[in-house]
Amino acid sequence: MKFLASVVISLLLFSVQAAEWKNVDVAHHLGGRKASVGYLQGKVVLVVQWDAKDAGSQELLQRFEELWGSFKTKELVVLGGPVGGGAAVKTALEKVSFPVYDGAGLALGEPPHEGLPFIYVVDETGKLVYYGQSDRTAAQAVVSALTDMESPRSVKQWRHFLDYELDHLPAHAYNRLNEFRKKHPDDAKPYLEKARALVKLEHVKKVADLVEFARRAKDAPNFGPKEKAKREKYEALVRGAIESCAPLKTVADPRLAQEAKNALADLKWAEAAF
């Protein structure tokens, strides 16, 4: 017990601060997919703030809608926040499916505005990786952040994500640590004590398996017209997982409970797309 207590204390003392978000709630929702502050954990988040009365806003939003469509099977959230309101917002949102919330953005550490539109990108760990007015550069930052998160290119990057996930996303850390140990066994040795504490968390493996299954389900293949049987089998797997894993939303560890909620939300989203 003393050993585990010392590990937990060390984790708290050297924890990586999670991003804090504002106005991502029911009261501020304007259109598009619904999200939540908890759902943004573990995601690359692109925030776009635009002038609702600007004639060019519809074209800008369409470009971000295309970006969202291209990467919505990945761990990405495009988060819109219009400046101004009225009929202009309703018109702008007619063809937008990504989450749009009035005043959405970082509650702490939001970069200074440089006019509108204003765009910034935050990686999984809450690190600001781009801010400015270029939608093209923002898209490049999204691709880079997703690539780094999914396939770290250096031991430093592995540690960057692991240190964050061990504090805030234990199920993600469980999956990443297993992969890290396979690819870089010597470099993974300093994480041995943390790994022992991690595997002792109740239900961590079940939630880790759910997270991985949801990731794969979001990126499901497009079944052709002659593959009805395969599609129905896949649909049954997803629906079965949603039903059987629902109790994981109430596990004792609030971090694991949130990860389970997020994974189940993604599975329901994948189910709706069938």
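Refer to the structure above for everything that follows.
Predicted model, so just to flag it, every value in this text is computed and none were measured.

**Q** Requested: an account of the overall build of the chain, with residues and values cited.
**A** Of regular secondary structure, the chain possesses 11 helices and 8 strands. For a compact globule of 274 residues, the expected C-alpha radius of gyration is about 19 Å, and the chain comes in at 20 Å, within 12% of that figure. On the principal axes, the C-alpha backbone points of the chain span a range of 60 × 50 × 35 Å. Relative to its 274 residues, the chain shows a buried fraction of 44%. For the chain, contacts bridging at least 24 residues in sequence account for 71% of all contacts bridging at least 6.

**Q** Help me get a handle on unusual backbone geometry, residues and values and all.
**A** With an omega of 0°, the peptide bond between leucine 116 and proline 117 qualifies as cis. Secondary-structure assignment places proline 117 in the loop between β6 (105–106) and β7 (118–122). Positive phi, normally seen in glycine, also occurs at asparagine 23, with a value near 65°. Tracing the sequence through the fold places asparagine 23 in the loop between β1 (21–22) and β2 (29–31). The backbone phi angle of histidine 203 is positive, close to 75°, even though this residue is not glycine. Position of histidine 203 among the secondary structure elements: in the loop between α8 (192–199) and α9 (204–218).

**Q** Would you mind going over the layout of surface pockets in detail, with residue names and values included?
**A** Of the voids in this model, the largest pocket is the one considered here, and its volume is about 660 Å³. Every residue lining the largest pocket is counted, 28 residues in all, and those nearest its centre are His172, Asn175, Val211, Glu212 and Arg215. Listing elements by their share of the lining of the largest pocket, those giving two or more residues are α4 (135–150), α5 (155–168), α6 (170–183), α9 and α11 (254–272). It is α9 that provides the largest number of residues to the lining of the largest pocket, a total of 7 residues. Split by residue class, the lining of the largest pocket holds 7 nonpolar, 6 polar and 15 charged.

**Q** Summarise the nonpolar core; cite the residues concerned and give the values.
**A** Counting 34 residues, the largest nonpolar core has Phe180, Val207, Leu210, Leu248 and Leu267 as its most contacted members. Put simply, the parts of the chain that give this core at least two residues each are α5, α6, α8, α9, α10 (228–245) and α11. Not counting residues within four places of it along the chain, the set of residues in contact with leucine 248 comprises His203, Lys206, Val207, Leu210, Ala257 and Ala260. Judged by nonpolar contacts, the second largest core, of 28 residues, contains Leu46, Trp68, Val78 and Ile119.

**Q** Give me the lowdown on helix α2 (residues 57–71), citing residues and values where you can.
**A** An ideal rise of 1.5 Å per residue puts 21 Å on 15 residues; α2 measures up with 21 Å between its terminal C-alpha atoms. Among the residues making up α2, those that are buried are Ser57, Leu60, Leu61, Phe64, Glu65, Leu67 and Trp68. With its buried residues spanning 160° around the axis, α2 presents them on a single face. Structural note: α2 exposes Glu59 and Ser70 on the side pointing more than 90 degrees away from its buried face. Elements that come into contact with the buried residues of α2 comprise β3 (44–51), β4 (76–83), α3 (87–92), β7, α4 and α11.

**Q** Describe α8, and please don't skip the residues or the numbers.
**A** Listed in full, the buried residues belonging to α8 are Ala195, Ala197 and Leu198. All buried residues of α8 fall inside an arc of 165° around its axis, so they share one side.

**Q** So what's going on with the pattern of salt bridges? Residues and values would help.
**A** Oppositely charged side chains can pair when the atoms bearing their charge come close. The tally for this structure, following the rule as stated, stands at 21 salt bridges. The residue aspartate 266 makes a salt bridge to arginine 33 at a minimum N-O spacing of 3.6 Å. Here aspartate 266 is found in helix α11, whereas its partner arginine 33 is found in the loop between β2 and β3, with 233 residues between them in sequence. In this pair, the class of aspartate 266 matches that of arginine 33, namely buried.

**Q** Any chance you could break down the side chain of glutamine 49 for me, citing the residues and the numbers?
**A** Mapping glutamine 49 onto the fold places it in strand β3. Residue class for glutamine 49 comes out buried when judged on its relative accessible area of 6%. Within polar-contact distance, the side chain of glutamine 49 engages the side chain of glutamate 110 at 3.2 Å. Those residues in contact with glutamine 49 that sit more than four places away from it in its chain are Gly81, Ala104, Glu110, His113, Leu116, Pro117, Phe118 and Tyr120.

Conventions we followed
Residues numbered from 1 in each chain as written. Predicted model: local features only at pLDDT ≥ 70, side-chain atom pairs only at ≥ 80, totals over all residues. Heavy atoms only, no water. Helix = DSSP H or I, 4+ residues; strand = E, 2+ residues; numbered from the N terminus. Rg over C-alpha atoms; globule rule 2.2 N^0.38 Å. Buried < 20%, exposed > 50% of the residue type's maximum accessible area, 1.4 Å probe, protein only. Contact = heavy atoms within 4.5 Å. 1 Å grid on protein atoms, 1.4 Å probe; cavity = no way out; pocket = protein on both sides within 12 Å on 5 of 7 lines; lining within 4 Å. Points joined across faces, edges and corners; volume = space filled by probe spheres on them. Nonpolar A, V, L, I, M, F, W, Y, C, P; charged D, E, K, R; others polar. Core = buried A, V, L, I, M, F, W, Y, C linked by side-chain atoms within 4.5 Å. Expected span 1.5 Å × (residues − 1). Arc of directions from axis to C-beta. Salt bridge = Lys/Arg side-chain N within 4 Å of Asp/Glu carboxyl O. Polar contact = N/O pair within 3.5 Å; in protein donor to acceptor, adjacent residues only side chain to side chain.

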